[in-house]
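# Inside the fold
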Amino acid sequence: MDHDMIARHLENLDRRLAKVEQFLPTLATKEGLQGAIAPLATKEEVQAAIALLATKEELQAAIASLATKEELQAAIALLATKEELQAAIALLATKEELREEGERSRRHMDVLSERQRGDIQLLAEHLSGVMSRLTDK
């Protein structure tokens, strides 16, 4: 080999070595890798976590017991619509109407009570008259 060829090879080696020297500081050390790996789960921990998960068959069994889209739609079809509920609510009495009806009922009951009291009074007077006639004989 001649001197120029050797010089070129040495320059190539220097250039490659300079690139390697720039790259080396970015590589992790053995201690750095061990520190980065330490918080990761072990194979046994991963297997233990997976063992707690449901199997495909268990999921299918759980899903099988759920209602189908058609069953849900059939159940919903039986429910009242918003318009039907509003129509039903419109038929209900207001608080004021209930209060008025309560007052009317109270007055009616007062009238009935007075009338009954009068009837009882009349019966008592009649019975008193009959009793006095019976005792006079």
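Conventions used here
Residues numbered from 1 in each chain as written. Predicted model: local features only at pLDDT ≥ 70, side-chain atom pairs only at ≥ 80, totals over all residues. Heavy atoms only, no water. Helix = DSSP H or I, 4+ residues; strand = E, 2+ residues; numbered from the N terminus. Rg over C-alpha atoms; globule rule 2.2 N^0.38 Å. Buried < 20%, exposed > 50% of the residue type's maximum accessible area, 1.4 Å probe, protein only. Areas by Shrake-Rupley, 256 points an atom, 1.4 Å probe, with all protein chains shown as cover. Lys, Arg positive; Asp, Glu negative; His and termini not counted. Charge placed at Lys NZ, Arg CZ, Asp CG, Glu CD. Patch = residues over 30% accessible without salt bridge, like charges linked within 9 Å, V, L, I, M, F, W, Y side chains within 5 Å. Salt bridge = Lys/Arg side-chain N within 4 Å of Asp/Glu carboxyl O. pLDDT = per-residue confidence, 0-100.

## Points about the overall build of the protein chain
What the protein chain contains, in helices and strands, is seven helices and zero strands. Along the chain direction, N to C, the helices and strands of the protein chain fall in the order α-α-α-α-α-α-α. At 51 Å, the protein chain has a C-alpha radius of gyration far larger than the 14 Å of a compact globule built from 137 residues. Each principal axis of the C-alpha distribution contributes one length, and for the protein chain these read about 170 × 35 × 35 Å. Put simply, the protein chain has 137 residues, and 0% of those count as buried. Surface exposure of the protein chain reaches about 13300 Å², of which carbon and sulfur atoms provide 63%. One way to put it: in the protein chain the 18 positive side-chain charges average out to a point 4 Å from where the 24 negative ones average out.

## Let's talk about a nonpolar patch on the surface
Nonpolar side chains collect at one region of the surface, where Leu17, Val20, Phe23, Leu24 and Leu27 lie side by side and expose about 470 Å² of accessible area between them. Its place among the elements puts Val20 in helix H1 (residues 3-23).

## Here's the deal with the confidence of the model for the protein chain
When the pLDDT values of the protein chain are averaged, the result is 91; 99% of them are 70 or greater. Looking at the elements of the protein chain, mean pLDDT is at its lowest for helix H2 (residues 30-37), recorded as 86, and at its highest for helix H5 (residues 69-77), recorded as 94.

## A word on the pattern of salt bridges
Close approach of charged atoms allows side chains of opposite charge to pair. In total, this model carries three salt bridges according to the counting rule given. Between Glu101 and Arg104 there is a salt bridge, with the nearest N and O atoms lying 2.6 Å from each other. With a gap of three residues between them, Glu101 and Arg104 both fall in helix H7 (residues 95-136), about one helical turn apart. Arg117 is paired through a salt bridge with Glu114; the nearest N and O atoms lie 2.4 Å apart. Highlighted residues: Arg117 and Glu114, both in helix H7, separated by three residues, approximately one helical turn. By relative accessible area, Glu114 is classed as partly exposed at 48%.

## Topic: the environment of Thr26
Tracing the backbone through its elements, the reader meets Thr26 in the loop between H1 and H2. Here Thr26 falls in the exposed class, since its relative accessible area comes to 61%.

## Section: the environment of Glu71
Along the polypeptide, Glu71 turns up in helix H5. Here the alpha-carbon distance between Glu71 and Ala93, two residues 22 residues apart in the chain, equals 36 Å.

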